[in-house]
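The lines below spell out each chain.
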Amino acid sequence: MKVVRKNAKGETRELLLKEYFLNAYLIALLKRVGEGAAKFSKTPELQPVRVRSDR
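Residues numbered from 1 in each chain as written. Predicted model: local features only at pLDDT ≥ 70, side-chain atom pairs only at ≥ 80, totals over all residues. Heavy atoms only, no water.

Student: It is not clear to me how the overall build of the chain should be interpreted in this structure. Could you clarify?
Tutor: What the chain contains, in helices and strands, is one helix and zero strands. When the 55 residues of the chain are sorted by exposure, 2% land in the buried category. Accessible surface, the chain as shown: approximately 6,400 Å² in total, 59% of it carbon and sulfur. (Helix = DSSP H or I, 4+ residues; strand = E, 2+ residues; numbered from the N terminus. Buried < 20%, exposed > 50% of the residue type's maximum accessible area, 1.4 Å probe, protein only. Areas by Shrake-Rupley, 256 points an atom, 1.4 Å probe, with all protein chains shown as cover.)

Student: Please clarify how a nonpolar patch on the surface should be interpreted in this entry.
Tutor: Together, Leu22, Tyr25, Leu26, Leu29 and Val33 make up a nonpolar patch on the protein surface, roughly 480 Å² of accessible area in all. Structurally, Leu26 can be placed in helix H1 (residues 13-40). (Patch = residues over 30% accessible without salt bridge, like charges linked within 9 Å, V, L, I, M, F, W, Y side chains within 5 Å. Salt bridge = Lys/Arg side-chain N within 4 Å of Asp/Glu carboxyl O.)

Student: Whenever I open this one, the pattern of salt bridges confuses me. Can you help?
Tutor: Any two side chains of opposite charge can pair, so long as their charged atoms come close to each other. In this structure the tally under the stated criterion is one salt bridge. For Lys18, the salt bridge identified is with Glu14, shortest N-O distance 3.7 Å. Highlighted residues: Lys18 and Glu14, both in helix H1, separated by four residues, approximately one helical turn.

Student: Just to check I follow, could you spell out the packing of aromatic side chains for this structure?
Tutor: One pair of aromatic rings is described through two measures. These are the centre distance and the angle between the planes. For the structure on display, the rule yields one aromatic pair. Centroid distance Tyr20 to Phe21: 5.2 Å. Interplanar angle 75°. Geometry classified as edge-to-face. Each member of the pair Tyr20 and Phe21 is classed as exposed. (Phe/Tyr/Trp six-rings, centres within 6.5 Å; stacked < 30°, edge-to-face > 60°.)

Following this line, the structure appears as structure tokens:
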């Protein structure tokens, strides 16, 4: 049995919970995608540079 209560805006508690979990899922997915993109992004490696000494 489901208990459905509407708040002042007419939204049900069930709808709000679905929205909450969907948002949490999307945030976690975006975080994983960002971590994967950072893992595969190529950054140029620094090359050693010769320095002349006039001493």
